[in-house]
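Spelled out, the chains give:
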Amino acid sequence: GGEKPAGGAVSLIPSFLILLNNVAISLFAKWLGGKEFHDTNTDKEFSLALKMSLGMIANTAGVLYWCKATPKEWYTGASLVGEIFTMMAINAMVSPMMNAIDIGWHVRRHYRPSGCSSRKLTQEKIDQWNEVV
């Protein structure tokens, strides 16, 4: 019998895993960047961009190429071209949505230290703090 192609949803799993790995690479690169010494902010940003770019290229292109290394796998069935297109489409849609949602802000707004709630901040409290400063 012939091979049946994987279902549409199942074929998205590698692309989502690559996306999650790229997020982890970005966070790890930022963490490493915080431990380095740089003379200028430009050097710091360049170092961060270089780490993130190389990590994401290796993760994205390297993994897909390794899985589909022979040229006959590049254009047929669940091909390298199709996988790269799916991965790029997911990255193009999910990354801007993640920035628009701003998950970090949502998490931090629920876990503020006591007394720092924006609902408890009044003009009187601001004036009191300004008197101390």
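Nothing here was measured: the structure is a model prediction, and the numbers come from that model.

### Regarding the pattern of salt bridges
- Scanning all chains against the criterion turns up 1 salt bridge.
- Across the pair E36 and K51 runs a salt bridge, and its minimum N-O distance is 2.8 Å. Separated by 15 residues along the polypeptide, E36 in the loop between α1 (8-34) and α2 (41-67) and K51 in helix α2 bring together distant segments of the chain.

### A few points about α2
- Given a rise of 1.5 Å per residue, 27 residues ought to cover 39 Å, and the 38 Å separating the end C-alpha atoms of α2 matches this to within 8%.
- Residues S47, L48, M52, G55, N59, T60 and L64 constitute the buried set of α2.

### A look at the layout of surface pockets
- Of the pockets and cavities examined, the largest pocket occupies roughly 490 Å³.
- Around the largest pocket, the lining comprises 16 residues; the ones closest to its centre are V23, S26, S95, M98 and N99.
- When contributions to the lining of the largest pocket are tallied by element, the ones reaching two or more residues are α1, α2 and α3 (80-101).
- Considering every element that reaches the lining of the largest pocket, the biggest residue donor is α1, with 7 residues.
- In the lining of the largest pocket, the residues fall into 9 nonpolar, 5 polar and 2 charged.

### A look at the side chain of S47
- Take S47: it is sitting in helix α2.
- Judged by its relative accessible area of 13%, S47 falls in the buried class.
- At a separation of 2.5 Å, a polar atom in the side chain of S47 contacts the side chain of K51.
- Setting aside anything within four residues of it in sequence, one finds S47 in contact with E36 and H38.

### Regarding the packing of α2 against α3
- Relative to each other, α2 and α3 sit at 155°, their axes nearing to 10 Å. Between α2 and α3, the angle is such that the two are roughly antiparallel. At the point where α2 passes α3, the crossing takes the right-handed sense. Residue-level contacts link T60, L64 and Y65 of α2 to L80, E83, I84 and M87 of α3.
- When grouped by side-chain class, the residues that make up the contact of α2 with α3 number 5 nonpolar, 1 polar and 1 charged.

### Details of the side chain of S26
- Relative to the helices and strands, S26 resides in helix α1.
- The exposure class of S26 is buried, given its relative accessible area of 12%.
- If sequence neighbours within four positions are ignored, S26 has contacts with M52 and M56.

### Re α3
- Taking 1.5 Å of rise per residue, the 22 residues of α3 would be expected to cover 32 Å, and the 31 Å separating its terminal C-alpha atoms lies within 8% of that figure.
- Turning to α3, its buried residues are L80, E83, M87, I90, N91 and V94. The arc that holds the buried residues of α3, viewed along the axis, is 115°, so those residues lie on one side. Exposed and facing more than 90 degrees away from the buried side of α3 are F85, M88, A92, M93 and A100.

Definitions and cut-offs
Residues numbered from 1 in each chain as written. Predicted model: local features only at pLDDT ≥ 70, side-chain atom pairs only at ≥ 80, totals over all residues. Heavy atoms only, no water. Salt bridge = Lys/Arg side-chain N within 4 Å of Asp/Glu carboxyl O. Helix = DSSP H or I, 4+ residues; strand = E, 2+ residues; numbered from the N terminus. Expected span 1.5 Å × (residues − 1). Buried < 20%, exposed > 50% of the residue type's maximum accessible area, 1.4 Å probe, protein only. 1 Å grid on protein atoms, 1.4 Å probe; cavity = no way out; pocket = protein on both sides within 12 Å on 5 of 7 lines; lining within 4 Å. Points joined across faces, edges and corners; volume = space filled by probe spheres on them. Nonpolar A, V, L, I, M, F, W, Y, C, P; charged D, E, K, R; others polar. Polar contact = N/O pair within 3.5 Å; in protein donor to acceptor, adjacent residues only side chain to side chain. Contact = heavy atoms within 4.5 Å. Axes fitted to C-alpha atoms, helices over the stretch in contact; angles between N-to-C directions. Parallel < 35°, antiparallel > 145°, perpendicular 65-115°, else oblique. Left-handed = near helix turned anticlockwise from the far one by under 90°. Arc of directions from axis to C-beta.

By themselves, these observations are geometric and do not establish any function.
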